[in-house]
Amino acid sequence: MNDIVNYFATIPSLHRSLILAGGITIFWLLENAFPLFRLDYKKWNHAGINFFFTLTTIIVNFVLAFLLLTASEWTVKNHFGVLEWLPQIPLWLYALIGLLLLDLVGAYLAHLVQHKTKWMWRFHLIHHTDTWIDTTTANRHHPGESVIRFVFTVFAVLISGSPMWLVFLYQSLSVVFSQFNHANISLPEKLDHLISYFIVSPNMHKVHHHYVLPYTDSNYGNIFSIWDRLFGTFTKLPKSEIIYGVDTHMKSSENNKLSNLIQIPFQKPKTQADKNI
């Protein structure tokens, strides 16, 4: 465990980039070998749009990284946050509690609030417009949403009192798990069901990408599935009934055109009468 702490305390930016690229590559290959759905789309064209948003997310996180570092150093220095208030416990338990707190506040709560707050939803909507969910969808976030997510991450660090090694560990796990649960892969039903009690499985998260309510407003989890079960936001839907996308933006010109995706948060919100499926 000490080796893990030492590694993530000084993890080079190159290694973090390799984790991102390596995860996409592995799940991309698995999608081709064991697809959940036979998606009829131009995979590289689709990936190009999502890679653009991946790049903007990296830029936002890089520019604002000093805020995350400052928040973490402040909590440790001032003994602020849940982890700082705990008694002496084994390092593995300390890390697990920290990961759970970062996941709860920085991911689950952030995701839930974006769905429930109208102006935030308009940025998060870009993620849901994808009608061909695969591993590249994990990074399909409007730059505005990347800023919102970053704010919640800083808030999570302050609440949890996480040192930077734990933040880097969580972010690395988050990247891989998000790529995993978005990947167009088919796991055995029993295996997917079993792991969904502990972590967000592919089938569990695909329900969140069904195009209509109430399924869109469910299964918010990022790494740990406990939050959806604990707070009553967990739901199921047979994979054969899942239709990807969001009902207000089902036209290709709306969901598969980069120039429009960037503008969506600033366009007039669509009403029920505007839905086009």
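Structure shown above.
Report on the accompanying structure. (Residues numbered from 1 in each chain as written. Predicted model: local features only at pLDDT ≥ 70, side-chain atom pairs only at ≥ 80, totals over all residues. Heavy atoms only, no water.)

### What to know about the overall build of the protein
Argument step 1. Scanning the protein from terminus to terminus reveals 13 helices and zero strands.
Argument step 2. Tracing the protein from N to C terminus, the helices and strands come up as α-α-α-α-α-α-α-α-α-α-α-α-α.
Argument step 3. With the principal axes as the frame, the protein shows a C-alpha extent of 55 × 40 × 35 Å.
Argument step 4. Within the protein, the fraction of its 277 residues that count as buried is 51%.
Argument step 5. Here the contacts in the protein between residues at least 6 apart in sequence split such that 75% fall between residues at least 24 apart. (Helix = DSSP H or I, 4+ residues; strand = E, 2+ residues; numbered from the N terminus. Buried < 20%, exposed > 50% of the residue type's maximum accessible area, 1.4 Å probe, protein only. Contact = heavy atoms within 4.5 Å.)

### As for unusual backbone geometry
It is generally the case that most residues other than glycine have a negative phi and that most peptide bonds are trans.
Argument step 1. Cis geometry marks the peptide bond from Leu-213 to Pro-214; its omega dihedral reads 5°.
Argument step 2. Along the polypeptide, Pro-214 turns up in the loop between α10 (202-208) and α11 (226-230).
Argument step 3. Even without glycine at this site, His-79 takes up a positive phi of about 50°.
Argument step 4. Along the chain, His-79 falls in the loop between α3 (43-77) and α4 (82-85).
Argument step 5. With a relative accessible area of 52%, His-79 lands in the exposed category.

### Section: the packing of helix α5 (residues 91-116) against helix α8 (residues 164-182)
Argument step 1. As a packed pair, α5 and α8 sit with axes 10 Å apart at the nearest point and diverge in direction by 60°. Here α5 and α8 pass one another in a crossing that is right-handed. Side by side, α5 and α8 meet where Leu-91, Tyr-94, Ala-95, Gly-98, Leu-99, Leu-102, Asp-103 and Ala-107 of the first sit next to Trp-165, Leu-166, Val-167, Leu-169, Tyr-170 and Leu-173 of the second.
Argument step 2. Its residues placed into classes, the contact of α5 with α8 shows twelve nonpolar, one polar and one charged. (Axes fitted to C-alpha atoms, helices over the stretch in contact; angles between N-to-C directions. Left-handed = near helix turned anticlockwise from the far one by under 90°. Nonpolar A, V, L, I, M, F, W, Y, C, P; charged D, E, K, R; others polar.)

### Observations concerning the pattern of salt bridges
Argument step 1. Going through the model one piece at a time under the given rule, you end up with six salt bridges.
Argument step 2. Residues Lys-43 and Asp-134 are paired through a salt bridge, measuring 3.8 Å at the closest nitrogen-oxygen approach. Within this pair, whereas Lys-43 is found in helix α3, its partner Asp-134 is found in the loop between α6 (118-128) and α7 (143-160), the two being separated by 91 residues in sequence.
Argument step 3. A relative accessible area of 0% places Asp-134 in the buried class.
Argument step 4. Among the ionic pairs, Arg-149 bridges to Glu-145, the shortest N-O distance being 2.7 Å. With a gap of four residues between them, Arg-149 and Glu-145 both fall in helix α7, about one helical turn apart.
Argument step 5. When its relative accessible area of 25% is taken as the criterion, Arg-149 is described as partly exposed.
Argument step 6. Here Glu-145 falls in the buried class, since its relative accessible area comes to 0%. (Salt bridge = Lys/Arg side-chain N within 4 Å of Asp/Glu carboxyl O.)

### Points about a nonpolar patch on the surface
Argument step 1. On the surface, Met-1, Ile-4, Trp-92 and Leu-96 cluster together into a nonpolar patch covering about 380 Å² of accessible area.
Argument step 2. Among the secondary structure elements, Ile-4 is positioned in helix α1 (residues 2-9). (Patch = residues over 30% accessible without salt bridge, like charges linked within 9 Å, V, L, I, M, F, W, Y side chains within 5 Å. Areas by Shrake-Rupley, 256 points an atom, 1.4 Å probe, with all protein chains shown as cover.)

### A look at the packing of aromatic side chains
Argument step 1. Taken as a whole and judged by the stated rule, the model has eleven aromatic pairs.
Argument step 2. Between Phe-80 and Trp-85 the ring centres are 5.5 Å apart and the planes differ by 75°, which places this aromatic pair in the edge-to-face class.
Argument step 3. The exposure class of Phe-80 is partly exposed, given its relative accessible area of 32%.
Argument step 4. Counting every residue linked through ring pairs, the aromatic cluster contains Tyr-108, Tyr-220, Trp-227 and Phe-231.
Argument step 5. Over the aromatic face of Trp-28 sits the side chain of Lys-43, whose NZ or CZ is 4.5 Å from the ring centroid. (Phe/Tyr/Trp six-rings, centres within 6.5 Å; stacked < 30°, edge-to-face > 60°. Lys NZ or Arg CZ within 6 Å of the ring centre and 35° of its normal.)

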